[in-house]
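Each chain, letter by letter, is given below.
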Amino acid sequence: MSGRYAFAKGLKELRFLFCQTGEHSSATRSFLTRAYPIMKKNNPAIPILLREAQGTLPRIYARYEFGKEKSESLEGLSDKQIEETVTKLVKE
């Protein structure tokens, strides 16, 4: 699993937005509870931001070199699908 969370050199920041109590964010919270410690351990220099706000739909933002940014919705995804989405973004 650790190789899956080795971020590309061009990645400068990873940001998760989600609701701390909403049902639509439960898979995102579950994923972060499991995967955040591994991601942070393997990438200590890259900021991984967790932004909780009431009523926020789950979303991930990845910021790369030269200010390029990509985002993906995590709404309605399972834990496994969230993992695939995150892996895709951090490898670019």
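Since the model is a prediction, treat every value here as computed from it, not as a measurement.

Here is what the cut-offs are and how they apply
- Residues numbered from 1 in each chain as written.
- Predicted model: local features only at pLDDT ≥ 70, side-chain atom pairs only at ≥ 80, totals over all residues.
- Heavy atoms only, no water.
- UniProt positions renumbered as here; feature names shortened; annotations may be inferred.
- Helix = DSSP H or I, 4+ residues; strand = E, 2+ residues; numbered from the N terminus.
- Phe/Tyr/Trp six-rings, centres within 6.5 Å; stacked < 30°, edge-to-face > 60°.
- Buried < 20%, exposed > 50% of the residue type's maximum accessible area, 1.4 Å probe, protein only.
- Lys NZ or Arg CZ within 6 Å of the ring centre and 35° of its normal.
- Salt bridge = Lys/Arg side-chain N within 4 Å of Asp/Glu carboxyl O.

## Structural notes on the UniProt feature "domain: Ribosomal protein/NADH dehydrogenase" (unreviewed entry) in the protein chain
Right, on to step 1. According to UniProt, the positions carrying the feature "domain: Ribosomal protein/NADH dehydrogenase" (unreviewed entry) are residues 20-92.
Right, on to step 2. Structurally, residues 20-92 is divided into 41% helix and 22% strand, and its ends, taken at the C-alpha atoms, are 28 Å apart.

## Comments concerning the packing of aromatic side chains
Right, on to step 1. This structure, assessed with the given rule, holds 1 aromatic pair.
Right, on to step 2. Consider the rings of Phe 16 and Phe 31, whose centres lie 6.4 Å apart with planes at 45°: the pair is tilted. Placement of Phe 16 in strand β1 (residues 11-18) and of Phe 31 in helix α1 (residues 26-42) is noted, with a sequence separation of 15 residues between them. Neither Phe 16 nor Phe 31 differs from the other in exposure class; each is buried.
Right, on to step 3. Positioned above the aromatic ring of Tyr 64 is the side chain of Lys 68, whose terminal nitrogen or guanidinium carbon lies 5.9 Å from the ring centre.

## A word on the pattern of salt bridges
Right, on to step 1. A complete count under the given rule lists 7 salt bridges for this structure.
Right, on to step 2. In this structure, Glu 13 engages Arg 63 in a salt bridge whose closest nitrogen and oxygen atoms are separated by 3.5 Å. With Glu 13 in strand β1 and Arg 63 in strand β3 (residues 59-64), this residue pair connects regions lying 50 residues apart in the sequence.
Right, on to step 3. One continuous salt-bridge network, built from bridges that share partners, spans Glu 13, Arg 15, Arg 63 and Glu 69.

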